[in-house]
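Summary of the model geometry
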Amino acid sequence: MTSARLFFGSNIRFLRERRRLTQEDFAEQLGVTRVKLAAIEAGRTENPSAVDLIKFSDFFGLSIDNLFRIDLRGVGELPLRELEAGNQLYMKGTNLRVLAISTDKANKENVEYVPVKAKAGYRSGYANPEFIASLPKFSVPGLPQTGTFRMFPTTGDSMLPVPEGADVICRYVEDWTA
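Residues numbered from 1 in each chain as written. Predicted model: local features only at pLDDT ≥ 70, side-chain atom pairs only at ≥ 80, totals over all residues. Heavy atoms only, no water.

Digging into the sheet that holds strand E1 (residues 111–113)
- Pairing is mixed in the open sheet, where four strands are placed in the order E2-E1-E3-E4. In the strand order of this sheet, the two ends are held by strand E2 (137–138) and strand E4 (167–171), each with one partner.
- As paired strands, strand E3 (residues 149–153) and E4 are joined by five bridges and run antiparallel to one another. Residue pairing across strands places Phe-152 opposite Val-168, the latter belonging to E4. (Pairing = 2+ DSSP bridges. Helix = DSSP H or I, 4+ residues; strand = E, 2+ residues; numbered from the N terminus.)

Regarding the side chain of Gln-23
- One can find Gln-23 in helix H2 (residues 23–30).
- The buried category is assigned to Gln-23, whose relative accessible area is 19%.
- Residues contacting Gln-23, with those up to four places away along its chain left out, are Arg-16, Arg-34, Leu-37, Ala-38 and Glu-41. (Buried < 20%, exposed > 50% of the residue type's maximum accessible area, 1.4 Å probe, protein only. Contact = heavy atoms within 4.5 Å.)

Some words on the environment of Phe-152
- Residue placement: Phe-152 occurs in strand E3.
- The buried category is assigned to Phe-152, whose relative accessible area is 7%.
- As for Phe-152 and Pro-115, which are separated by 37 residues in sequence, their C-alpha atoms are 6.3 Å apart.

Things to note about the packing of helix H1 (residues 8–18) against helix H6 (residues 77–84)
- Closest axis-to-axis distance for the H1/H6 pair is 14 Å, and the angle between their directions is 100°. With respect to H6, the axis of H1 lies roughly perpendicular. Here Phe-14, Leu-15 and Arg-18 of H1 come into contact with H6, specifically with Glu-77, Leu-80, Arg-81 and Glu-84.
- Here the contact of H1 with H6 is built from residues that sort into three nonpolar, no polar and four charged. (Axes fitted to C-alpha atoms, helices over the stretch in contact; angles between N-to-C directions. Parallel < 35°, antiparallel > 145°, perpendicular 65-115°, else oblique. Nonpolar A, V, L, I, M, F, W, Y, C, P; charged D, E, K, R; others polar.)

Regarding the packing of H2 against helix H3 (residues 34–41)
- Interhelical geometry of H2 versus H3 gives an angle of 110° and a closest axis separation of 9 Å. What the angle tells us is that H2 and H3 run roughly perpendicular. Across the interface between the two elements, Gln-23, Glu-24, Phe-26 and Ala-27 from H2 touch Arg-34, Leu-37, Ala-38 and Glu-41 from H3.
- By residue class, the composition of the contact of H2 with H3 is four nonpolar, one polar and three charged.

Considerations on the packing of aromatic side chains
- Across all of its chains, the model carries six aromatic pairs by this definition.
- Taking 5.4 Å as the distance between ring centres and 45° as the angle between the ring planes, the aromatic pair formed by Phe-26 and Phe-60 counts as tilted. Remark: Phe-60 occurs in helix H4 (residues 50–60) and Phe-26 occurs in helix H2; sequence separation between them is 34 residues.
- Ring geometry for Phe-59 versus Phe-60: centroids 5.0 Å apart, planes at 85°, classification edge-to-face.
- Using a relative accessible area of 2% as the deciding quantity, one classes Phe-60 as buried. (Phe/Tyr/Trp six-rings, centres within 6.5 Å; stacked < 30°, edge-to-face > 60°.)

A few points about H2
- By the burial criterion, the buried members of H2 are Gln-23, Phe-26, Ala-27 and Leu-30. Seen along its axis, H2 keeps its buried residues to an arc of 100°; they face one direction.
- The secondary structure elements touched by the buried residues of H2 are H1, H3 and H4.
- Looking at the residues trailing H2, positive phi occurs at Gly-31, about 80°. (Arc of directions from axis to C-beta.)

Structure representation (structure tokens):
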């Protein structure tokens, strides 16, 4: 079995420089020494501590897995922002995506009301099962029997011709480019 290529050190340096932070400033913000940070960035620290991994992950808003496995220097700005928003670039299997849903007692999917104003997109992090479980749920007559739906309030004019303050029901689609 070949060993996996790891990008942790180079990714930390890339992300630090992307934010225009010196090693000294960044180390201070994380609560680590500059010497430790320099060793990590240079790849001289083979096994950073779990506490340090969490500090880096939290600071950059990226999963530890992404910090290790993806060479972020080769990722464009838009995909990098998607990663920072909690979305995954590379799925395993057959492009598996998990969408949290809730069902009624008859096992029919509910429509969840997401109290996040829709601005031509769905905010990341709101597919969390605990979040979905906390939302108001109901059935809407006339909706197709199959599919996953969410309801959002709108704001501004980003969804014209839908007026501001309206509620929109959206259907999850596997591939919106098809």
